[in-house]
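Structural description and commentary
Spelled out from the first residue to the last, the chains are:
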Amino acid sequence: MKRIIFISLFFYFYGFVNAQWEVVFDDPDYRFHGIGFINSDTGFAAGDYHPEGQHYGFIMKTVDGGDSWNLVYQTQPGYAEPTTFSFVNDTLMFAGGWDGVLFKSIDGGNTWEMFSYIPYLWNIRSIKFLTPELGYARDERTSDGGYTWEDTGLGWLHDHHFFNDSTGILSTVDGLFYTSDFGESMTKVDPYEDEWFNTVSMGTDYYGIAARSNGNLYKTNDGGLSWYWYDSIQFI
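Notes on the structure in this doc start here. Note that the structure is predicted; figures quoted are calculated from it, not measured.

This brings us to the sheet that holds strand E5 (residues 82-87). The four strands are arranged E5-E6-E7-E8 in an open sheet whose pairing can be described as antiparallel. Each edge of the open sheet is held by one strand with a lone partner, namely E5 and strand E8 (113-117). Across the sheet, the axes of successive neighbouring strands diverge by a mean angle of 30°, strand direction being ignored. With five bridges connecting them, E5 and strand E6 (residues 93-97) associate as antiparallel partners. Directly across from Phe-87, in E6, lies its bridge partner Met-93.

So, on to the pairing of strand E17 (residues 197-202). Among the six residues in E17, five count as buried, and that is most of the element. The sheet contact formed by E17 and strand E18 (residues 208-212) spans five bridges and is antiparallel. Bridging across to E18, Phe-197 finds its partner in Arg-212. The turn joining E17 and E18, which pair antiparallel and follow one another in sequence, is formed by five residues.

In this structure, Gly-109 sits in the loop between strand E7 (101-105) and E8. Sequence separation between Gly-109 and Val-72 is 37 residues, and the spatial gap between their C-alpha atoms is 7.7 Å. Here Gly-109 is in contact with Phe-44, Lys-61, Val-72 and Met-93, once residues within four sequence places are set aside.

Reading the values: the criteria
Residues numbered from 1 in each chain as written. Predicted model: local features only at pLDDT ≥ 70, side-chain atom pairs only at ≥ 80, totals over all residues. Heavy atoms only, no water. Pairing = 2+ DSSP bridges. Helix = DSSP H or I, 4+ residues; strand = E, 2+ residues; numbered from the N terminus. Axes fitted to C-alpha atoms, helices over the stretch in contact; angles between N-to-C directions. Buried < 20%, exposed > 50% of the residue type's maximum accessible area, 1.4 Å probe, protein only. Contact = heavy atoms within 4.5 Å.

See the structure below:
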């Protein structure tokens with residue numbers, strides 16, 4: 001469901017109606033769970049692969065806009081795989097994974113280490129570090145760089161959009177939340193109680209779209225401070 005919504009929002013903002021795609025990596029042993037780019041050339045992909053019955057997590061890196069990919073990290077056999085990324089800057093990067101495992105790079109993603117985990121968490125599907133110390137993953141918050149975590153009370157984090165280091169919007173299972181102080185405080189900005197929002201995407205600093213789990217789309221024209229119903233997606 002999230003993939004369908006993501007594609008719809010992508011086409012809404014950029015109008016790539018006739019976009020063409022080409023395969024740049026094809027291996028049936030690999031499964032990709034997440035991808036993220038820090039600029040037009042440098043990006044990372046995460047997932048797991050199963051050669052000869054083994055199970056490994058991996059991170060790949062590209063420096064040519066995705067034309068070629070190189071393996072930069074591989075877990076031990078049977079260890080939890082990374083699934084999603086957060087880039088603090090060009091050198092400090094985090095990744096979240098299955099079983100609440102956290103990964104970290106301090107050299108621009110050339111090397112990674114498994115450095116921490118969030119207890120009792122099954123899977124980190126979205127992670128966001130606002131500073132080297134302050135970060136969010138699912139319904140947890142850290143203020144010491146990911147070593148310890150506490151419940152935010154906001155519900156599971158699914159997606160986010162930050163305009164700068166301090167101001168942004170988070171979509172969670174309890175609704176849309178707005179922050180302007182590095183996430184220290186959150187204000188609920190959608191007009192519903194405990195509604196599940198899957199994703200949020202801002203085309204400009206003022207206009208954006210958010211999607212609920214039932215296929216309803218909501219629009220903002222004031223930078224995410226208020227939202228109103230815009231359209232619905234019919235799922236087949």
